[in-house]
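Chain by chain, the residues run as shown.
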Amino acid sequence: MSSEDKNRELDEASEETDGVAAPPDSTSSLSIKPNLSSGKGNKRGRKRAAASSRKRKPVRPPKTIKGASHPQTHVIPVSLAAMLVTIGVVYGDIGTSPMYVTKALLAGNGGIMSVTEEFVLGALSLVIWTVTLLTTVKYVLISLKADNYGEGGIFALYSIVRRYGKWLIIPAMLGGSALLADGVLTPAVTITTGVEGLRTIPETHAIIGDNQMNVVVITLIIVCILFVVQRAGTSKIGRAFGPVMLGWFLFLGITGLLFTFTNPKILLAINPVYGLQFLFSPNNHAGIMILGSCFLATTGAEALYSDMGHVGKGNIYATWPFVKACLILSYLGQGAWLLANAGNPELAAIEDLNPFFQMLPGVARPFGVVFSVLAAIIASQALITGAFSLVSEASRLDLMPHLQVFYPSETKGQLYIPLVNKVMWAGCIIVVLLFQSSAHMEAAYGLAITITMLCTTVLLFIYLRRVRKVKLFPFIFLAFFVMLEGFFFGSSLTKFFHGGYFTILLAALIMGIMLCWYAGTAVERRQATLLPVRKYLDQLARLRDDTTYDRLCDNLVYLTNGTNTDYLDRDILYSILDKHPKRARAWWFINVEVMDDPHTCAYSIEDFGTDYVFRVHLFLGYKVNQRINAYLRQIVQDLSATGELPPQTRDYSVYKRPSPIGSFQFCMIRKTLAPESDVVSRERTAIGLKYAIRSFAGSPAQWYGLENSSVFVEYVPLFTKFKSAEKLVRIAPDDRP
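Residues numbered from 1 in each chain as written. Predicted model: local features only at pLDDT ≥ 70, side-chain atom pairs only at ≥ 80, totals over all residues. Heavy atoms only, no water.

1. Some remarks on the overall build of the chain
Working step 1: Regarding its fold elements, the chain presents 29 helices and 9 strands.
Working step 2: Counting contacts in the chain only where the partners sit at least 6 residues apart, residues at least 24 apart contribute 84% of the total.
Working step 3: Carbon and sulfur atoms form 61% of the exposed surface of the chain, whose accessible area is close to 30,800 Å². (Helix = DSSP H or I, 4+ residues; strand = E, 2+ residues; numbered from the N terminus. Contact = heavy atoms within 4.5 Å. Areas by Shrake-Rupley, 256 points an atom, 1.4 Å probe, with all protein chains shown as cover.)

Put into structure tokens, the structure is as follows:
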């Protein structure tokens, strides 16, 4: 953890610990971390602890790399099982592109009656080289190398390069917002396309009919099931989806290869010259806007980068050549079918002709349609898992509120965020009900993701130039991909009034949330103050023995995310001493740090040479349930046994032998901005919006297992200068001014 993070403002002491609850399990026993606990209860030991703690630096978590401050990263090994999970989780979005890319190209060129050899070879050449340049070169060969301790995505990339310029936060937020917005649209468009394919089968067409609402209902049912199963975790979903997607890609490759054999001339589309010639040809009816349809073939590339933490880069390297070969063969097969059926009047009569389904023979078509529906469901999974990773990274960067996170599997990168799942679920339902047909959704699809790709290019340039210290190549990379993606962005702008406005508005909403949170945090950081605990030990000792104040409880507990043992946020001490002194037998200040080892259970403790002030650091694996109440009672029992904590006897109890542990109360700190605070209106608005957003982030009492504990919330002012009030003039009781 960097020094910047150690000294940052404790926005909300009870809410901002990195990583939160995993699924409930049995409470594990804690072990005391060697060399970090204080004395053993005798005076000599306490003196040594007090002397050593004056020199103590912020606590080092267990199992760190020697000489480094970041916990050792769990590397997902390359294996057949992991590769199967990768195929099931990562490639769903890009793997379903053959279902609608050729369809969009054909519609933009005037339909089957306008098909020529020049169009087929040129359009497919543009598609093939779009996939090659953007997905293979930019993301697989370059972007995957820019990982943040195994995690990928635009926020992970920003966390690597952010020290090289404050302005880099803008492309990070813009790109992340656009990708999250696109993630809402992807499940809707892919699943709807697959369900509409059922109409190409006479038996199912007789059931569904031409009523589009039947398609909408089926799509909504599938969407709901998809989001319900997210809690099972990426690994379990990947094991279920992996065999299906493996079969899907084999289906794409084999069917495409069979049609390619019927007209081997289609292989000329691999030559990029055909694509460039057709792009500027007068026979290109769509003009440069054809690139908008070609871009649909690579919309899953950014999700591929975001999902790196779920499966590991090695497994992506191992599986991408197979996936790309199957995709290219499918496009070539559809092109061969178009050449064989150019000008077919029967096909021209079909509304929204889709070459992918129409080229399948009657016997294979039901099999292909069902396969496509399953693949469409899995395509949605790629963006959903990517969204979980993106939001998790954004929370750690203080660009979004900290949310409840579950780790349903043995790998930390595989996570589940309930609130994000619910929001995306609701968003997908709205999209399906708003646009209803895949043709309308395709018009809105792809515009937002071009913005993300441009932002990723900018951040990758900084990574290559400043982090990797490469001299010439970064400038070539920046110029080439900004120009290329700029063309795609310009060609996609025509989609704005045909549905693209939806994703742009959604991206703007997400961007607004990030800006409000970022601006509010910046104001709080300017007011942050850490106070040395030792300077207040005398006051706490007097308060403990001051009988003029009622004892609030035996043990008063505050949760904090500060890792510096000798310092506390001023708000905590203000709560204890200034905002009606809170008398207790002992005060506990607890920090929870989530470790990469899934089953870590350890703690360290500093008592500052006292028996009433305890600074506790809990080190819990990300699979360990964070039942703070249960763990704290265990710690108290340990300290009572060693004599470091005096007995806390009870006079009343339902049990024959009362527990030697006293009562507990947990105080949750929330900051408020007083109306008379002397801040400019812009900063006041930023703070107000941040606190409004925070109210939707969930209850920290549930995250830390305190539902049945005595918890109270206390509001403390955000320490700022106050406006000087008008001076009052005293007058006589019977006078009026």
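2. Here we look at the packing of aromatic side chains
For any pair of aromatic rings, the description consists of the separation of the ring centres together with the inter-plane angle of the planes.
Working step 1: A full pass over the atoms with the stated rule returns 21 aromatic pairs.
Working step 2: Ring geometry for Phe295 and Phe488: centres 5.3 Å apart, planes at 45°, overall tilted. Of this pair, Phe295 sits in the loop between α13 (290–294) and α14 (301–306) while Phe488 sits in helix α23 (residues 473–492), and the two are 193 residues apart along the sequence.
Working step 3: An aromatic cluster is present here, built from Trp248, Phe251, Phe356, Phe357, Phe367 and Phe371 joined pairwise through their rings. (Phe/Tyr/Trp six-rings, centres within 6.5 Å; stacked < 30°, edge-to-face > 60°.)

3. Comments concerning unusual backbone geometry
Working step 1: Even without being glycine, His580 reaches a positive phi, approximately 55°.
Working step 2: Mapped onto the secondary structure, His580 falls in the loop between α26 (570–577) and β5 (583–595).
Working step 3: Taking relative accessible area as the criterion, His580 reaches 58% and is therefore assigned exposed.
Working step 4: One non-glycine residue, Phe608, lies in the positive phi region at around 55°.
Working step 5: Mapped onto the elements, Phe608 comes out in the loop between β6 (601–606) and β7 (613–621). (Buried < 20%, exposed > 50% of the residue type's maximum accessible area, 1.4 Å probe, protein only.)

4. Considerations on a positive patch on the surface
Working step 1: Residues Arg163, Arg465, Arg466, Lys469 and Lys471 make up a contiguous surface patch of positive charge.
Working step 2: Along the polypeptide, Lys471 turns up in the loop between α22 (447–467) and α23. (Patch = residues over 30% accessible without salt bridge, like charges linked within 9 Å, V, L, I, M, F, W, Y side chains within 5 Å. Salt bridge = Lys/Arg side-chain N within 4 Å of Asp/Glu carboxyl O. Lys, Arg positive; Asp, Glu negative; His and termini not counted. Charge placed at Lys NZ, Arg CZ, Asp CG, Glu CD.)

5. As for helix α25 (residues 537–545)
Working step 1: All buried positions along α25 are accounted for by Leu537, Leu540, Ala541 and Leu543. The buried residues of α25 occupy one face: seen down the axis, they fall within an arc of 165°. Facing away from the buried side of α25, by more than 90 degrees, are the exposed residues Asp538, Arg542 and Asp545. (Arc of directions from axis to C-beta.)

6. Side note on the pattern of salt bridges
Working step 1: This structure, assessed with the given rule, holds 7 salt bridges.
Working step 2: Of the charged contacts, one joins Lys313 and Asp147 as a salt bridge, the two residues approaching to 2.9 Å between their closest N and O atoms. With Lys313 in helix α16 (residues 313–340) and Asp147 in the loop between α6 (117–142) and α7 (154–161), this pair connects stretches of sequence that are 166 residues apart.
Working step 3: Between Asp611 and Arg544 there is a salt bridge, with its nearest N and O atoms 3.0 Å apart. Placement of the pair is Asp611 in the loop between β6 and β7 and Arg544 in helix α25, with a sequence separation of 67 residues.
Working step 4: Among the residues examined, Arg544 registers a relative accessible area of 22% and is labelled partly exposed.

7. Concerning the side chain of Thr456
Working step 1: Locating Thr456 in the fold gives a position in helix α22.
Working step 2: Thr456 sits in the buried class, given a relative accessible area of 0%.
Working step 3: Filtering out sequence-adjacent residues up to four positions away, Thr456 remains in contact with Lys138, Tyr139, Ile154, Leu157 and Glu302.

8. Re the confidence of the model for the chain
Parts of the model with low pLDDT should not have their predicted coordinates read in detail.
Working step 1: In this model, the chain carries a mean pLDDT of 77, and residues with pLDDT of at least 70 account for 83%.
Working step 2: This stretch, residues 1–29, has a pLDDT under 50; its non-local contacts, to residues over four places away or in other chains, come to 103 contacts.
Working step 3: Note on residues 33–73: pLDDT under 50 across the span, and 70 contacts to partners over four residues away in sequence or across chains. (pLDDT = per-residue confidence, 0-100.)

9. Considering the packing of α6 against α16
Working step 1: Their axes nearest at 10 Å, the elements α6 and α16 cross at an angle of 170°. Taken as axis vectors, α6 and α16 run roughly antiparallel relative to one another. Side by side, α6 and α16 meet where Glu117, Val120, Leu124, Val127, Ile128, Val131, Thr132, Thr135, Thr136 and Val140 of the first sit next to Tyr317, Trp320, Lys324, Ile328, Tyr331, Leu332, Gly335, Leu338 and Leu339 of the second. (Axes fitted to C-alpha atoms, helices over the stretch in contact; angles between N-to-C directions. Parallel < 35°, antiparallel > 145°, perpendicular 65-115°, else oblique.)

10. Quick notes on the packing of helix α8 (residues 169–196) against α22
Working step 1: The geometry of α8 relative to α22 is characterised by a closest axis approach of 8 Å and an angle of 150° between their N-to-C directions. For the pair α8 and α22, the crossing hand works out as left-handed. Contacts between α8 and α22 pair Pro171, Ala172, Leu174, Gly175, Ala178, Leu179 and Asp182 from the former with Ala448, Ile449, Ile451, Thr452, Cys455 and Leu459 from the latter.
Working step 2: Across the contact of α8 with α22, the residue classes break down as 10 nonpolar, 2 polar and 1 charged. (Left-handed = near helix turned anticlockwise from the far one by under 90°. Nonpolar A, V, L, I, M, F, W, Y, C, P; charged D, E, K, R; others polar.)

11. Details of the nonpolar core
Working step 1: Counting residues in each nonpolar core, the largest one holds 152 residues, and the members touching the most others are Tyr91, Trp248 and Phe249.
Working step 2: Per element, the largest residue contribution to this core is 14 residues, and it comes from helix α19 (residues 365–396).
Working step 3: Non-local contacts of Trp248, meaning those with residues more than four positions away in its chain, are made with Gly95, Thr96, Met99, Phe356, Gly368, Phe371, Ser372 and Ala375.
Working step 4: Of all hydrophobic cores here, the second largest spans 27 residues; its members include Ile590, Val616, Ile628 and Ala701. (Core = buried A, V, L, I, M, F, W, Y, C linked by side-chain atoms within 4.5 Å.)

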